[in-house]
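Reading the structure
Here's the letter readout for the chains.
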Amino acid sequence: MAAPGEAPGEALRAVLRPSGALPAEALPVRGYDFSGGADHAALLRSFRTTGFQATSFAQAVAEIERMIAAKLEPLSAEQRERAAMAGPREPSGCTIFLGFTSNLVSSGVRESIRYLVQRGMVDVLVTTAGGVEEDLIKCLAPTYIGDFHLWGRDLRENGINRIGNLLVPNDNYCKFEDWLMPILDRMVDEQDTQGVRWTPSRMIARLGKEINNPESICYWAQKNNIPVLSPALTDGSLGDMIFFHSYKRPGLVLDIVEDLRLINTQAIFAHKTGMIILGGGLVKHHIANANLMRNGADFSVYVNTAQEFDGSDSGARPDEAVSWGKIRVDATPVKVYADASLVFPLLVAETFARSAEAFGVPDGTPGV
């Protein structure tokens with residue numbers, strides 16, 4: 001019993017428990033002060049001490065900066081010789097894998113991705129069928145801003161497809177078919193008469209060359225010898241067109257095993273590797289599994305909204321990949337729980353765009 005006029009000692013000890021030492025890296029929380037005006041660069045820097053996903057964003061910036069610094073480090077002759085075994089691109093200190101789901105190409109994030117590919121800032125792309133076809137289709141006809149709440153029945157009756165709050169007229173896919181079918185004819189001819197072995201990445205490079213449009217990710221990827229891997233290339237409009245074409249000209253073969261060797265080789269012989277993965281599913285695991293072949297990536301950034309409670313790979317935190325050997329045990333990976341359409345352009349602005357001159361391409365240069 002406490003003495004009269006005194007609070008119970010047990011309650012005092014519970015409520016006024018003294019603090020121990022904080023983690024060494026702990027910083028005081030402080031957000032951006034707008035009283036000094038709107039400085040967007042300073043605002044983004046303030047995210048480091050804002051907390052929650054703002055702090056995760058700042059940690060992702062730091063992780064990508066480490067990737068870039070490693071990429072720009074000169075290699076010894078021996079290291080260069082080994083890294084050159086990965087493929088046709090100029091060896092660098094860090095091979096950067098960029099994975100993205102198709103919805104991001106449907107959105108304006110396409111332009112951020114194209115910026116990196118156009119300037120050769122990343123080395124390997126992994127996407128879904130939609131990530132390829134939406135890039136190409138946008139060169140033929142635009143996608144439009146709509147609304148998440150438009151009725152599917154009404155849109156279907158009017159031949160309009162909805163991707164979130166984006167709208168794609170079905171006429172766009174008709175134009176895509178008209179453009180693609182003659183190319184498929186030539187691919188079959190080259191396969192049959194010249195012995196060309198088509199793989200998904202080789203087909204994507206061909207389509208990038210055929211589209212011949214500097215707004216296209218695929219165009220710049222083939223121009224800069226950046227492979228685009230898409231092991232499920234038939235799972236989309238491209239697959240629909242290949243299916244229809246197979247009745248007219250059967251026999252087209254796409255070798256996914258050769259592409260598997262390609263992506264794994266990129267990881268195995270790289271001096272260091274970095275993963276930037278936007279979204280989940282196939283693109284996330286295909287990159288991570290390639291990095292298993294080297295006992296894990298050195299640098300990793302995930303951006304997605306998936307949760308881990310259902311055991312999905314999409315929702316798995318980076319630490320789960322560490323347990324599989326897909327991220328190195330001494331790495332400092334970051335996951336940002338956010339919509340990539342908000343986060344990724346800002347990540348590019350704070351990292352790659354600031355390092356444009358270090359890559360040998362002055363910022364603002366329209367081409368490479």
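Quick caveat: nothing in here was measured; it's all calculated off a predicted structure.

What follows deals with the pairing of strand 2 (residues 124-127). Burial along strand 2 is two-sided: Val-124 and Val-126 facing one way and Leu-125 and Thr-127 facing the other are all buried. Of the strand pairs in this sheet, strand 1 (residues 95-100) and strand 2 are connected by 4 bridges, and their pairing is parallel. For Phe-97, the partnering residue across the bridge sits in strand 2 and is Val-124.

The next point concerns the confidence of the model for the chain. Considering every residue of the chain, the mean pLDDT works out to 96; 97% of them sit at 70 or more. Below pLDDT 50 for its whole length, residues 362-368 participates in 19 contacts with residues either more than four positions away or in separate chains.

Moving on: unusual backbone geometry. In this structure, Phe-52 is a non-glycine residue whose phi angle is positive, near 55 degrees. You can see Phe-52 is positioned in helix 3 (residues 52-72). Its relative accessible area of 78% is what places Phe-52 among the exposed residues. Positive phi, close to 70 degrees, is recorded for Asn-295, a residue that is not glycine. Note that Asn-295 resides in the loop between helix 14 (282-292) and strand 8 (299-304). On the basis of relative accessibility, which here comes to 52%, the residue Asn-295 falls in the exposed class.

Here the focus is the side chain of Arg-294. Looking at the element boundaries, Arg-294 is found in the loop between helix 14 and strand 8. A relative accessible area of 10% places Arg-294 in the buried class. Here the side chain of Arg-294 touches Ala-270 through a polar contact of 2.8 Å, landing on its backbone oxygen. In this structure, Arg-294 is in contact with Ala-267, Ile-268, Ala-270, His-271, Lys-272, Thr-273 and Arg-328, ignoring residues within four places of it in sequence.

Viewed as axis vectors pointing N to C, helix 6 (residues 109-118) and helix 16 (residues 340-350) meet at an angle of 30 degrees, and their least axial separation amounts to 9 Å. Relative to helix 16, the element helix 6 lies roughly parallel. Crossing handedness for the pair helix 6 and helix 16: left-handed. Side by side, helix 6 and helix 16 meet where Val-109, Ser-112, Ile-113, Tyr-115 and Leu-116 of the first sit next to Ala-340, Ser-341, Phe-344, Pro-345 and Val-348 of the second. Partitioned by chemical class, the residues of the contact of helix 6 with helix 16 number 8 nonpolar, 2 polar and no charged.

Time to look at the sheet that holds strand 5 (residues 166-169). Read across the sheet, 3 strands follow the order 3-5-4 without closing on themselves; strand pairing throughout is antiparallel. With partners counted over all chains shown, the strands left at the sheet margins are strand 3 (144-145) and strand 4 (160-163), one partner each. Pairing between strand 4 and strand 5: 4 bridges, direction antiparallel. Within the sheet, the bridge partner assigned to Ile-163 lies in strand 5 and is Leu-166. Those strands touched by helix 9 (residues 171-194) are strand 4 and strand 5, and its axis lies near 50 degrees from that of strand 5.

Moving on: helix 16. For helix 16, the full list of buried residues reads Ala-340, Val-343, Phe-344, Leu-347, Val-348 and Glu-350. Buried residues in helix 16, looked at end-on, bunch into an arc of 165 degrees, giving them a common side.

A word on the nonpolar core. Leu-98, Leu-125, Phe-344 and Phe-352 are the most contacted members of the largest nonpolar core, which totals 67 residues. Per element, the largest residue contribution to this core is 8 residues, and it comes from helix 9. By size, the runner-up hydrophobic cluster in this structure holds 17 residues, among which are Leu-229, Met-275, Ile-287 and Ala-297.

Bringing the pairing of strand 8 into the picture now. Within strand 8, 6 of the 6 residues are buried, which leaves it mostly tucked inside the rest of the structure. Note: strand 7 (residues 273-278) against strand 8, 5 bridges, orientation parallel. Its bridge partner lying in strand 8, Ile-276 is registered against Val-301. In the classification by handedness, the crossover that spans strand 7, the intervening helix 14 and the parallel strand 8 is right-handed. Of the strand pairs in this sheet, strand 8 and strand 9 (residues 334-337) are connected by 4 bridges, and their pairing is parallel. Paired with Asn-304 across the strands is Tyr-337, a residue of strand 9.

The rules behind the values
Counting restarts for each chain, with residues numbered from 1 along the sequence as it is written. Two thresholds apply to this predicted model, a pLDDT of at least 70 for residue-level local features and 80 or more for giving and counting side-chain atom pairs, whereas whole-chain, interface and lining totals are computed over all residues. Neither water nor hydrogens contribute to the side-chain values; these are computed over all heavy atoms in the structure. Exposed residues in this analysis have more than 50% of their type's maximum accessible area, buried residues have under 20%, and partly exposed residues fall in between, with area computed by a 1.4 Å probe over protein chains only. For the purposes of this entry, the term helix denotes a DSSP run of H or I that reaches at least four residues, the term strand denotes a run of E that reaches at least two, and both are numbered from the N terminus. By this definition, two strands are paired if DSSP reports at least two bridges between them. Think of pLDDT as the predictor's per-residue confidence, scored from 0 to 100. When checking whether two residues touch, look at their non-hydrogen atoms; a contact exists if any pair is within 4.5 Å. Pairing of N or O atoms within 3.5 Å defines a polar contact, subject to two protein rules: one partner must be a possible hydrogen donor and the other a possible acceptor, and residues neighboring in sequence count only if both atoms are side-chain atoms. Axis angles are defined between N-to-C directions and span 0 to 180 degrees, where every axis is a line fitted to C-alpha atoms and, for a helix, only to the segment in contact. Throughout, the term roughly parallel applies to angles under 35 degrees, roughly antiparallel to angles over 145, roughly perpendicular to angles from 65 to 115, and oblique to all others. Crossing handedness is defined as follows: a turn of the near helix away from the far one that is anticlockwise and smaller than a right angle gives a left-handed crossing, while the clockwise case is right-handed. Note that Gly is not counted as nonpolar here; it falls among the polar residues with everything else outside the nonpolar set of Ala, Val, Leu, Ile, Met, Phe, Trp, Tyr, Cys and Pro and the charged set of Asp, Glu, Lys and Arg. In this description, the arc belongs to the directions extending from the helix axis to the C-beta atoms. Put simply, a nonpolar core is a bunch of buried Ala, Val, Leu, Ile, Met, Phe, Trp, Tyr and Cys residues held in one set by side-chain atoms that sit within 4.5 Å of each other. When the strands point away from the viewer and the path from the first strand over the helix to the second turns clockwise, the crossover is right-handed.

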